[in-house]
Amino acid sequence: MWLPGLKWKKADLCRDEPVAAIPAEHLAEPSPFRRLVQATPNVKAEKHFAKHLAPVQLPPLVNGCEPMTLQIINNATCTFCGCVCDDIQLHHDEVRIHEARKACVLGTSWFLNHTAEEKYPAALIDGQPAALEDAIQMAATLLHEADMPLVYGMSNTTCEAQKECVAMADMLGGLLDSHTSLWHGPTEIAAQLGGKVTCTLGEVKQRADFIVYWGGNPAECHPRHFTKYTIMQKSKFLPRGRKDRTMVLVDIRETKSAKAADIFLQVRPGKDFELITILRALIKDQPVRDEAIAETGLTREMLDDLVHRMKSCKFGCMFFGMGLSMTRGKHMNSAALLTLAAEMNAFTKFVAMPMRGHGNVTGADVIMRWQTGYPFGITFNRGYPRYNPGEFSTVDVLVRGDCDAAFIIGADPGATMPQPAIDHLKRIPTICLDPHVTHTSRLARVHITTAPQGIAAPGTAYRMDELPLPLKPALKSPYPSDEEVVRRINEAIAAKPFWLPDGSQPQMITNQVWLTDSRSLRCTFGGEVSGWRCAAGLVPWRGFITVAVRLLACLTSLRNDGRRQQAVLWHSLVGSERWSHMARKNIWRQLDNA
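Residues numbered from 1 in each chain as written. Predicted model: local features only at pLDDT ≥ 70, side-chain atom pairs only at ≥ 80, totals over all residues. Heavy atoms only, no water.

Draft legend 1. Expanded view of the sheet that holds strand β15 (residues 405-409). With respect to topology, nine strands assemble into an open sheet ordered β5-β4-β17-β16-β15-β6-β7-β13-β14, the strand pairing being mixed. With one partner strand each, in any of the chains shown, β5 (128-130) and β14 (386-387) form the two edges of the open sheet. Bridge analysis of strand β7 (residues 175-178) against strand β13 (residues 378-379) gives two bridges, and the strand direction is antiparallel. If you follow Leu 175 over to β13, its bridge partner there is Thr 379. Helix α3 (residues 132-145) rests against β4 (123-125), β5, β6 (149-153), β15, β16 (430-434) and β17 (446-449) of the sheet, and its axis sits at about 135° to β17. (Pairing = 2+ DSSP bridges. Helix = DSSP H or I, 4+ residues; strand = E, 2+ residues; numbered from the N terminus. Contact = heavy atoms within 4.5 Å. Axes fitted to C-alpha atoms, helices over the stretch in contact; angles between N-to-C directions.)

Draft legend 2. Spotlight on the environment of Gly 316. Looking at the secondary structure, you find Gly 316 in strand β11 (residues 315-320). Overall, the relative accessible area of 0% leaves Gly 316 in the buried class. Leaving out residues up to four positions away in the same chain, Gly 316 has contacts with Phe 210, Lys 349, Phe 350 and Val 351. (Buried < 20%, exposed > 50% of the residue type's maximum accessible area, 1.4 Å probe, protein only.)

Draft legend 3. Structural detail: the packing of aromatic side chains. Applying the stated rule across the entire model yields six aromatic pairs. Here the aromatic rings of Phe 80 and Trp 110 are separated by 6.2 Å at their centres, their planes lie at 65°, and the arrangement is edge-to-face. Of the two residues, Phe 80 sits in the loop between β1 (71-76) and β2 (88-92) while Trp 110 sits in helix α2 (residues 105-112), which places them 30 residues apart along the sequence. For Phe 80, a relative accessible area of 34% puts it in the partly exposed group. Overall, the relative accessible area of 16% leaves Trp 110 in the buried class. Relative to Phe 350, the ring of Phe 210 has its centre 6.4 Å away and its plane inclined at 55°; by these criteria the two rings are tilted. Taken together, the residues span a long stretch of sequence, with Phe 210 in strand β8 (residues 210-214) and Phe 350 in strand β12 (residues 349-354) at a distance of 140 residues. (Phe/Tyr/Trp six-rings, centres within 6.5 Å; stacked < 30°, edge-to-face > 60°.)

Draft legend 4. Representation of the pairing of strand β3 (residues 97-101) in the model. Two strands pair when backbone bridges link them, and β2 and β3 are joined in this way by four bridges, in the antiparallel orientation. Across the sheet, residue His 91 finds its bridge partner in β3, namely Glu 99. From the end of β2 to the start of β3, which pair antiparallel, there are four residues.

Draft legend 5. Seen up close, the confidence of the model for the protein. Looking at the protein, pLDDT values average 79 and 73% of them are 70 or higher. Below pLDDT 50 for its whole length, residues 508-550 participates in 63 contacts with residues either more than four positions away or in separate chains. The low-confidence segment residues 552-589, where pLDDT is below 50, has 71 contacts with residues more than four positions distant or belonging to other chains. (pLDDT = per-residue confidence, 0-100.)

Draft legend 6. A look at the side chain of Ser 155. Looking at where Ser 155 falls in the secondary structure, it is placed in the loop between β6 and α4 (159-172). Exposure remark for Ser 155: the relative accessible area of 0% places this residue in the buried category. Only 2.7 Å separates the side chain of Ser 155 from the side chain of His 179, close enough to count as a polar contact. Leaving out residues up to four positions away in the same chain, Ser 155 has contacts with Ser 178, His 179, His 358, Gly 359, Asn 360, Val 361, Gly 410 and Gln 453. (Polar contact = N/O pair within 3.5 Å; in protein donor to acceptor, adjacent residues only side chain to side chain.)

Draft legend 7. Structural context of the nonpolar core. Ranked by internal contacts, the top residues of the largest apolar core, which has 40 residues, are Ile 88, Leu 90, Ile 97, Phe 111, Tyr 213, Met 247 and Phe 319. No other element matches the three residues that β11 contributes to this core. Among all residues touching Leu 90, those that are not within four sequence positions of it are Gln 71, Ile 72, Ile 73, Ala 76, Ile 97, Glu 99, Ala 100, Phe 111 and Ala 474. (Core = buried A, V, L, I, M, F, W, Y, C linked by side-chain atoms within 4.5 Å.)

Draft legend 8. Representation of the packing of helix α9 (residues 272-283) against helix α13 (residues 331-344) in the model. Contact geometry for α9 and α13: axes closest at 9 Å, N-to-C directions at 20°. As the angle between them shows, α9 and α13 are arranged roughly parallel. Regarding α9 and α13, the two cross each other, and that crossing is left-handed. Where α9 approaches α13, its residues Phe 273, Ile 276, Leu 279, Arg 280 and Ile 283 are matched on the opposing element by Met 332, Asn 333, Ala 336, Leu 337, Thr 339, Leu 340, Glu 343 and Met 344. Split by residue class, the contact of α9 with α13 holds nine nonpolar, two polar and two charged. (Parallel < 35°, antiparallel > 145°, perpendicular 65-115°, else oblique. Left-handed = near helix turned anticlockwise from the far one by under 90°. Nonpolar A, V, L, I, M, F, W, Y, C, P; charged D, E, K, R; others polar.)

The structure is reproduced here in structure tokens:
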């Protein structure tokens, strides 16, 4: 056997000697006719083969057996960041993934650091290994006994599991929140204020010849965003790829993304809103003072050139990160940029899109908007969803100490939140679902190990442009999926008494009050009055008071709902313009005295 870097010479054995005459103990040697005499290193040979020959990497041994044949999954989906790249080729065996082709450095680490090995116990209760069923029953008991439970996270799990989490919060009458309240919550608020003009990343790839990154660093946070979706791609409408595109980076400091930019604009910290407002004025040819421009750290020539390029492009796109949404101004910064993109459509096609961080945080927003009507910061403590960021956001709730139990899934608040919030998580019973034992798992009463999404658990994930993509798991995990665990916890909670007394549960309006006579109203609600709606203006206001008095029993049951919340009259009743102030006053007086 010849090895590079070693010098060999012939042995003194005679070639005419038959092979059969060789002693048996020598047959195990590399060669009976060539024997190593000296093994001095050959430096020149070592350099040669190190330069031209790459080492062959073989799969590791499985339980001491021969290497297994690798299986290949094409077009797998990476759920590490908001890009959710769906063109990854995975080479794997039954235990681990050995290669993730086309994946970035972040995605490669994501795939290669998850295995099908049973590294952790199925569950932990108070830090001790426990059976999965015992942990599920313990979690259901802790959540059911809480007065204000919190369901948080959901950004690193599937949409199917997120739907079960919404059902859990609704069933418990608790709080529901995701990573959006920490990162792009101001962007969601801005979109509610004035809407947004957006598109898919496929349209950006095919058509966008002018791209602006504002307050983000995609070179380090979204490494494939440049090469897969924006500046490097060749398309039907941009056949030369990078040569047909112009990239502008706006940030307070020069990052690695600046090396890929054609124009880098360094704005002063905290002056993003002023700069966007100036750009909105310049595109409409409105006068702007030089002093106002100088306060942003830029010059008029820079802004005039930027406005000219924006107006002359065929398709422009603005990507903005947390450098815009989580600095001074918050949602007003995001609203200003979304408004700038909308106003640019008077001159050319322009869109705007937030750079989402976690793999399926966009899916959490979509699922909660679909199920509740709101994207984050939701409470069900009156029996129906209410939305108020700042009051029902996770950090605010934990710092104030409002919640008395927490259900954490697809998140690690013990490593990312402020210390007062972490201290409160230590004081209350916390349930954690995660593929690994995290910082939150160590302070939780109950930890349940689950299969990682997209690697060992199937489902659906949303890309940052709100496009759903299927997940193709490569491994078969010994642990259950998030969806299965949350569904089993919900079933255990449903078997317990409801958190409101019987007969006091608020119900949605399913029927109307029909007008039968100018002086009387007939209510048909399946035998029980649980809510009402009437066309104001058809009956005098005295008739409304009469109907409201007949509904006092229903309103009184809503007043004390187990959360000691004051009863609320339906907006269709108190918002009627035909009601006089005295009518409203009489209703509330009778309600308070009931």
